[in-house]
There are 4 protein chains.
Amino acid sequence: MIQNKAPGKDVSIEDMKEKFPLTAKTDKSHTSFFEIAGISFGGKLIPVMAGPNMVENENLIVETAIQVKKAGAHFLRGGAFKPLTFPYRSEKYTETREEGIKWLGIAKKEAGIGIITEVMEEKYLDMICDVADILQIGSRNMQNYPLITAAAKTDKPLMIKRHYGASLRDWLGAAEYALYEGNRKVILCERGVSVPHTHKDSSRFLLDLQVVPAAKEITHLPIAVDPSHATFWRPWVKPMALASIAAGCDSVMLEVHPDPENSAVDPLQPIDFQDFEHLMIDMNKIANNVNRCVLD
Amino acid sequence: MIQNKAPGKDVSIEDMKEKFPLTAKTDKSHTSFFEIAGISFGGKLIPVMAGPNMVENENLIVETAIQVKKAGAHFLRGGAFKPLTFPYRSEKYTETREEGIKWLGIAKKEAGIGIITEVMEEKYLDMICDVADILQIGSRNMQNYPLITAAAKTDKPLMIKRHYGASLRDWLGAAEYALYEGNRKVILCERGVSVPHTHKDSSRFLLDLQVVPAAKEITHLPIAVDPSHATFWRPWVKPMALASIAAGCDSVMLEVHPDPENSAVDPLQPIDFQDFEHLMIDMNKIANNVNRCVLD
Amino acid sequence: MIQNKAPGKDVSIEDMKEKFPLTAKTDKSHTSFFEIAGISFGGKLIPVMAGPNMVENENLIVETAIQVKKAGAHFLRGGAFKPLTFPYRSEKYTETREEGIKWLGIAKKEAGIGIITEVMEEKYLDMICDVADILQIGSRNMQNYPLITAAAKTDKPLMIKRHYGASLRDWLGAAEYALYEGNRKVILCERGVSVPHTHKDSSRFLLDLQVVPAAKEITHLPIAVDPSHATFWRPWVKPMALASIAAGCDSVMLEVHPDPENSAVDPLQPIDFQDFEHLMIDMNKIANNVNRCVLD
Amino acid sequence: MIQNKAPGKDVSIEDMKEKFPLTAKTDKSHTSFFEIAGISFGGKLIPVMAGPNMVENENLIVETAIQVKKAGAHFLRGGAFKPLTFPYRSEKYTETREEGIKWLGIAKKEAGIGIITEVMEEKYLDMICDVADILQIGSRNMQNYPLITAAAKTDKPLMIKRHYGASLRDWLGAAEYALYEGNRKVILCERGVSVPHTHKDSSRFLLDLQVVPAAKEITHLPIAVDPSHATFWRPWVKPMALASIAAGCDSVMLEVHPDPENSAVDPLQPIDFQDFEHLMIDMNKIANNVNRCVLD
């Protein structure tokens, strides 16, 4: 009857500081502050990353880049590589891979906006680094430590999305792998956890906003929130985006698509350009009330 | 291999309307609007219910009533009957029961504020109804249908807290029992769900803010949020209270205590009078940004 | 940053002994052993409780009593009072209440078998105690402490089913309320927990068999398992019943119905008389391999 | 209000057959049967894989190979590459990597036993394939689809452990990636899911035995169970191993160590040689009662 000594149970802050010395705060006021492509993270600004789930074609990504930039977005998001639950791809729903990365490069120039995109394999890192300003580690690769290590070594800023089954401890452990390589520009992104009780009738994941104050109490890294992937449902994106900012997040990622209902993936979750433009204004108002801003 | 027809799995909105005809919306714009003790629910105002976890003694509850009223609260909360996980009571941690209800009555008169308090047994309903403006069904009694039925029959307004293991469907089912008795003044209150992945290092429950837009899509009833019981940790109450309002809730319940660290129960979660006063102002600002208000 | 001292997190065995002195083991070999209606619990025998979900009518319950007794069952189970998620009752799906209890009394005499049935309200306790040998506290009332207290005071043996959202600690707390009243014949029954990740395509609950060794490490009370309500699916009842015994449970509850597909409730989960007879033999073989028995 | 049409919710068996045509059963009796290193999977035999968590040194792994083989184990398990939550390694707790794989090769020859070991990166596949009979995809890499694809292409048999946050659908999706490459020797291994309600006082994971009949209803692939990693606690390994076999699993993986308390990792979970020898005999008895065997 000594199992209450088992490791792996609750871990104290002290233990976290020992296990995650680089991710843990050194004192209560310790906060990371850094710039990526001229945009500051961890300060008064709450940078917004917006764009489609998948880089479907050149026109779509260039048009979206121009429109979200106009509405005030700080980065264009879009995946050319995607971890899909099935090995099968429909004609519409196809990773555009090398070509998609090239189109992101064109959009970057045309719109003058920074790029965040997902990496899944070490072998494509060089190619992606030519275009991306932030490398995204997707939730399904959150515990792919060799990938995180390789990505961190490129010295590009990283954003690590939380796995939907990961504890706060697991998530901070993933960040520690990146910081351990000397890369200091690491952003953590909450995107919904799987829960037993709740939106079974409507959604797969529950956006965990309580993790925002919880994580910020322990780590100095900026905490982003992605309400689109968690809610999986367009009408809930706005309330949860506003709530993310009221809860104290440091960045917001949103899925924006020129024609949401015809999105190649997850057509129920993106918002269109007009809704995005209005949401930016509404988020900025909430941000102002917690001494932050979304629009410069 | 026909188990995919099993009931109890995901339920469609159509099915909900059949199972919960009184709780379900009739159309998208259907919203309950009613007054309790002169305070409107379901409209522009977001009424705030504040006070200690337990009605510890007369002085404490009268003082708190006066202070929270002064800061703008619309109802005084406080439990004289409490479902505790253990049958044992320390000298400090004792339900004050009949006496506690009497003190709530005194506080009501002294401060001129409405009262919400928990009911646990049918036999005390009459006594409690003499004082209470809203009867609270606690989360542990959310599926005690005979109690809900008896409470609903008194025609007093009810607030039904969600069990930490209850789905949205379970929760709306409990409301249907109340509406079925002809009682139309029913408020639903989210107070945290138990989750596998998250705050094991810091909290027992996760405040489910995504349930606010999810519930409001289906039901016309007002949705309250109690961030104090979910977070269980004073520093997170403010960010989660602000996020609750940004997410679109219709009422907020907060634990406020004159001397939080000496609260008879859960001393890590209440905020003091000064923090409450500031929080009311901050909540009002966020409310104004979503076309609502907290302060009249 | 002292929230890691918050109560309500993991509790050590030592703490459990303090909070649950009557439910906790005094030493490693401490095990409750008692008889109910001539059947021993906590010893070599693994008593089986079998019967329909609802006491639908006199014929059904008398026939089932005779058949399950013949196959070796030790108790007849059947509910005359049921906590249903909705207030509506179809003609078929109706609680038979007082009449159902009367029919259980007839079945008891006809078949010479002990009775276990659910109690939901204090006011029916006397009537139910005239017939029942074991009072069942259903999972939805696991935290209805006034009900548990009233039931325990009758001095009838109790079986407390675990709420699908309850931790081991919550469950043992409910048992402590019963033991606190001086009632020593208390059985705990696992019946599935709600989980995020698993049988979403097929079942609502996950039978938690790991809780059997976990609970038996801490408490001296006998641990029953109900695989019918957890799996919700006939073909899985047998493998999970066998696994329950292999995992070390002290009693098994099974849903048995003369015509499963026409059961008034949950028609996908009961097994018929023939399957029950075979299962008793198979369970007995597994029991023999762990030094227990199901058939005398 | 059409979100109930959202994809990603419950999926029917029909849908699974469309999404996972190679993993899904073609009819009720469809079961994979194949041999690995002369040992049959999917038939009457329930092969046992036993050994230490980490290949700590040559002596340990050779001695363990000899002892588990003598007790009847069919494969030696042991990790030379391990995904650890933190980037830091103590002197004792170090991956032995290339050297560890070499020692596994020596143990294989000395004991005449097949080898299963984890792969984490494509670049080490050739080296590991020289020694391993089964490649293990660890739970943390269950959604690392490029790794699964590369491993499947080697044509070595694969065992895919379920992520502790993965649904049955996610897990079968990972298997489909392997089958899609033409590799037909794929084993699925349950090793515990994270749950909100249960063993918080004692364990991190809950062994999901209900997934055994659930998975076998849908897929023809053999289902293994690893009770050591789920329970994380030596005294529970035996009851859960017996229950796994009673529940119908096709293979068992166990952590066995010559000196459990001095295991380099997770010293609370391995059993020693003597306990393993006895457990093999007990598992065989249970297996015989469900028309299977563990010992040839």
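What comes next concerns the included structure.

What counts and how
- Residues numbered from 1 in each chain as written.
- Chains lettered and ligands numbered in written order.
- Predicted model: local features only at pLDDT ≥ 70, side-chain atom pairs only at ≥ 80, totals over all residues.
- Helix = DSSP H or I, 4+ residues; strand = E, 2+ residues; numbered from the N terminus.
- Rg over C-alpha atoms; globule rule 2.2 N^0.38 Å.
- Contact = placed C-beta atoms within 7 Å.
- Buried ≥ 20, exposed ≤ 12 C-beta atoms within 10 Å, placed from the backbone.
- Pairing = 2+ DSSP bridges.
- Right-handed = clockwise from strand over helix to strand, strands pointing away.
- Least-squares fit on C-alpha atoms with pLDDT ≥ 70 in both.
- Axes fitted to C-alpha atoms, helices over the stretch in contact; angles between N-to-C directions.
- Parallel < 35°, antiparallel > 145°, perpendicular 65-115°, else oblique.
- Left-handed = near helix turned anticlockwise from the far one by under 90°.
- Nonpolar A, V, L, I, M, F, W, Y, C, P; charged D, E, K, R; others polar.

## Some words on the overall build of chain A
When its secondary structure is counted, chain A shows 10 helices and 10 strands. By the compact-globule yardstick of 19 Å for 296 residues, chain A fits well, its C-alpha radius of gyration being 18 Å. With the C-alpha coordinates of chain A rotated into their principal frame, the extents come out at 60 × 45 × 40 Å. By sequence separation, contacts in chain A at least 24 residues apart represent 68% of the contacts at least 6 residues apart.

## A look at the pairing of strand β6 (residues 134–137) of chain B
Residue and element names in this part refer to chain B. The two faces of β6 match: I134 and Q136 on one face and L135 and I137 on the other face are all buried. The sheet contact formed by β6 and strand β7 (residues 158–161) spans three bridges and is parallel. Paired with Q136 across the two strands is M159, which belongs to β7. Handedness of the crossover is the feature at issue here: the chain leaves β6, passes through helix α5 (residues 145–153), returns alongside β7, and the resulting connection is right-handed.

## Topic: the relation of the copies chain B and chain A
With an RMSD of 0.0 Å, the fit of chain B onto chain A corresponds to turning through 180 degrees and sliding 0.0 Å along the axis. Classification of the inter-copy transformation places it as that of a two-fold axis. For chain B, the smallest separation between a C-alpha atom and the rotation axis is recorded for B:A243, amounting to 2.1 Å. Taken as a fraction of all interface residues of chain B, those also at the interface in chain A reach 100%, which identifies the copy contact as same-surface.

## What to know about unusual backbone geometry
Excluding glycine, residues mostly carry a negative phi; peptide bonds, for their part, are mostly trans. Residues and elements named next belong to chain A. Of note in this structure, A37 is not a glycine but carries a positive phi near 50 degrees. The residue A37 is located in the loop between β1 (34–36) and β2 (39–41) in this model. Residue class for A37 comes out partly exposed when judged on the 15 C-beta atoms lying within 10 Å of it.

## Examining the packing of helix α7 (residues 211–218) of chain C against helix α9 (residues 234–246) of chain D
Following both chains from N to C, one finds α7(C) and α9(D) inclined at 135 degrees, their axes separated by 9 Å at the closest point. As far as their axial angle goes, α9(D) and α7(C) are oblique. For the pair α7(C) and α9(D), the crossing hand works out as right-handed. Residue-level inspection shows C:V212, C:P213, C:A214 and C:E217 of α7(C) in contact with α9(D), the latter providing D:P235, D:W236 and D:P239. Here the contact of α7(C) with α9(D) is composed, by residue class, of six nonpolar, no polar and one charged.

## Some points on the sheet that holds strand β8 (residues 186–190) of chain C
Residue and element names in this part refer to chain C. One closed barrel holds the eight strands; their spatial order is β3-β4-β5-β6-β7-β8-β9-β10, and the pairing between them is parallel. Ignoring which end each strand starts from, the neighbouring axes of this sheet average 25 degrees apart. Each of β6 (134–137) and β7 (158–161) touches helix α5 (residues 145–153); the most contacted strand, β6, lies at about 175 degrees to it.

## Regarding the sheet that holds strand β3 (residues 48–51) of chain A
If you walk around this closed barrel you meet the eight strands as β3-β4-β5-β6-β7-β8-β9-β10 (chain A), and the pairing is parallel. For this sheet the average axis-to-axis angle between neighbouring strands, irrespective of direction, equals 25 degrees.

## Things to note about the interface of chain B and chain A
Listed as interface residues are 40 residues of chain B and, on the opposing side, 40 residues of chain A. Among the elements of the structure, α6 (168–180), α7 (211–218), α8 (227–231), α9 (234–246) and α10 (273–289) of chain B are those that each provide at least two residues to the side of chain B that touches chain A. Among the elements that take part in the side of chain B that touches chain A, α9(B) stands out by supplying seven residues, more than any other. Grouping the constituent residues of the side of chain B that touches chain A by class yields 23 nonpolar, 10 polar and seven charged.

## Digging into the environment of D:E190
All names here are of chain D. Note on placement: E190 falls in strand β8 (residues 186–190). On the basis of neighbour count, E190 is assigned to the buried category, with 29 C-beta atoms found within 10 Å. Non-local contacts of E190, meaning those with residues more than four positions away in its chain, are made with R162, D208, V211, V212, I223 and V225.

## Quick look at helix α7 (residues 211–218) of chain D
Most of α7(D) is tucked away, with seven of its eight residues classed as buried. Among the residues of α7(D), D:V211, D:V212, D:P213, D:A214, D:A215, D:K216 and D:I218 are the ones counted as buried.

## Some points on the environment of C:G72
All names here are of chain C. Turning to its location among the elements, G72 is positioned in the loop between α2 (58–70) and β4 (75–77). On the neighbour-count criterion, G72 (17 C-beta atoms within 10 Å) is partly exposed. Once the C-alpha coordinates of G72 and L295 are considered, the two residues, 223 residues apart in sequence, prove to be 6.1 Å apart.

## Observations concerning the pairing of strand β5 (residues 114–118) of chain C
All names here are of chain C. Of all five residues in β5, five are buried; the element is thus mostly enclosed. Alternating positions in β5 separate into two faces, G114, I116 and E118 on one and I115 and T117 on the other, with burial throughout. In terms of strand pairing, β4 meets β5 through three bridges, oriented parallel. Residue pairing across strands places R77 opposite I116, the latter belonging to β5. Handedness of the crossover joining β4 and β5 through helix α3 (residues 97–111): right-handed. Bridge count for β5 against β6 is three bridges, and the pairing is parallel. Counterpart to I116 in the pairing with β6 is I134.

## Here we look at the packing of helix α9 (residues 234–246) of chain A against helix α10 (residues 273–289) of chain A
Residue and element names in this part refer to chain A. Running from N to C, α9 and α10 cross one another at 30 degrees; their axes reach a closest spacing of 9 Å. What the angle tells us is that α9 and α10 run roughly parallel. In this structure, the crossing between α9 and α10 has a hand that is right-handed. Contact residues: α9 offers K238, A241, L242, I245 and A246, while α10 offers L279, D282, M283, I286 and A287. Looking at side-chain class alone, the contact of α9 with α10 contains eight nonpolar, no polar and two charged residues.

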